[in-house]
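In case you want the letters, here they are:
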Amino acid sequence: MSRDDYSPGAEGAFAWNELEELSIQAATTDDEAVEVSRFWKRHLPILLSVRNGYEYLAVRDDGAVVHGTEPEFEEAVVAFPHFEDLLTYISSRPARRDHFVDGLLFGATSNP
């Protein structure tokens, strides 16, 4: 995602908070909608992908980078403990090609 994606009134295929909106729409109770909102207040999406279904990377408020997929976007797992680790990983390319992030960023086949 780019800076423009976060601008009010930004036009694009997906809003920066598209996954939060999808989850809120799918919530069946007010409590579920509150939990979805609580999750996304702590997470800033930095990459959205639709290559193999909806998935994302987000920076959590403690600096960790998490990865989530549909249908339960909020069941995210830590991909990197620190944002800087993601940057180091990207800059080491093509030294490694075995991480799911390769599929998100570079279209490479990844091993789970």
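Visitor: Give me the lowdown on helix α2 (residues 30–41), citing residues and values where you can.
Guide: A rise of 1.5 Å per residue sets the reference length of α2, with its twelve residues, at 16 Å; its end C-alpha atoms lie 17 Å apart and thus fit the reference within 8%. What α2 keeps buried is the set V36, S37, F39 and W40. The arc that holds the buried residues of α2, viewed along the axis, is 160 degrees, so those residues lie on one side. In α2, the exposed residues that point more than 90 degrees away from the buried face are D30, D31 and K41. Considering only its buried residues, α2 is in contact with α1 (18–26), β1 (43–49) and β2 (55–60).

Visitor: Please give an account of the pattern of salt bridges that cites residues and values.
Guide: As a working rule, side chains carrying opposite charge can pair if their charged atoms are close by. Taken as a whole and assessed by the stated rule, the structure comprises three salt bridges. Put simply, D61 and R42 hold a salt bridge, and the shortest N to O gap is 3.0 Å. A residue pair is termed long-range when its members are at least 10 positions apart, and D61 in the loop between β2 and β3 (65–69) and R42 in the loop between α2 and β1 qualify at 19 residues. Judged by relative accessible area, which is 54%, D61 ranks as exposed.

Visitor: Tell me what's going on with the packing of aromatic side chains, and back it up with residues and numbers.
Guide: This model, assessed by the stated rule, comprises five aromatic pairs. Ring centres 6.4 Å apart and planes at 85 degrees place the aromatic pair Y54 and F73 in the edge-to-face group. Placement of the pair is Y54 in the loop between β1 and β2 and F73 in the loop between β3 and β4 (77–80), with a sequence separation of 19 residues. Judged by its relative accessible area of 29%, Y54 falls in the partly exposed class. Since its relative accessible area comes to 4%, F73 is described here as buried. Of the aromatic side chains, those joined through ring pairs into one cluster are F39, W40, Y54, Y56 and F73.

Rules used in this analysis
- Residues numbered from 1 in each chain as written.
- Predicted model: local features only at pLDDT ≥ 70, side-chain atom pairs only at ≥ 80, totals over all residues.
- Heavy atoms only, no water.
- Helix = DSSP H or I, 4+ residues; strand = E, 2+ residues; numbered from the N terminus.
- Expected span 1.5 Å × (residues − 1).
- Buried < 20%, exposed > 50% of the residue type's maximum accessible area, 1.4 Å probe, protein only.
- Arc of directions from axis to C-beta.
- Contact = heavy atoms within 4.5 Å.
- Salt bridge = Lys/Arg side-chain N within 4 Å of Asp/Glu carboxyl O.
- Phe/Tyr/Trp six-rings, centres within 6.5 Å; stacked < 30°, edge-to-face > 60°.

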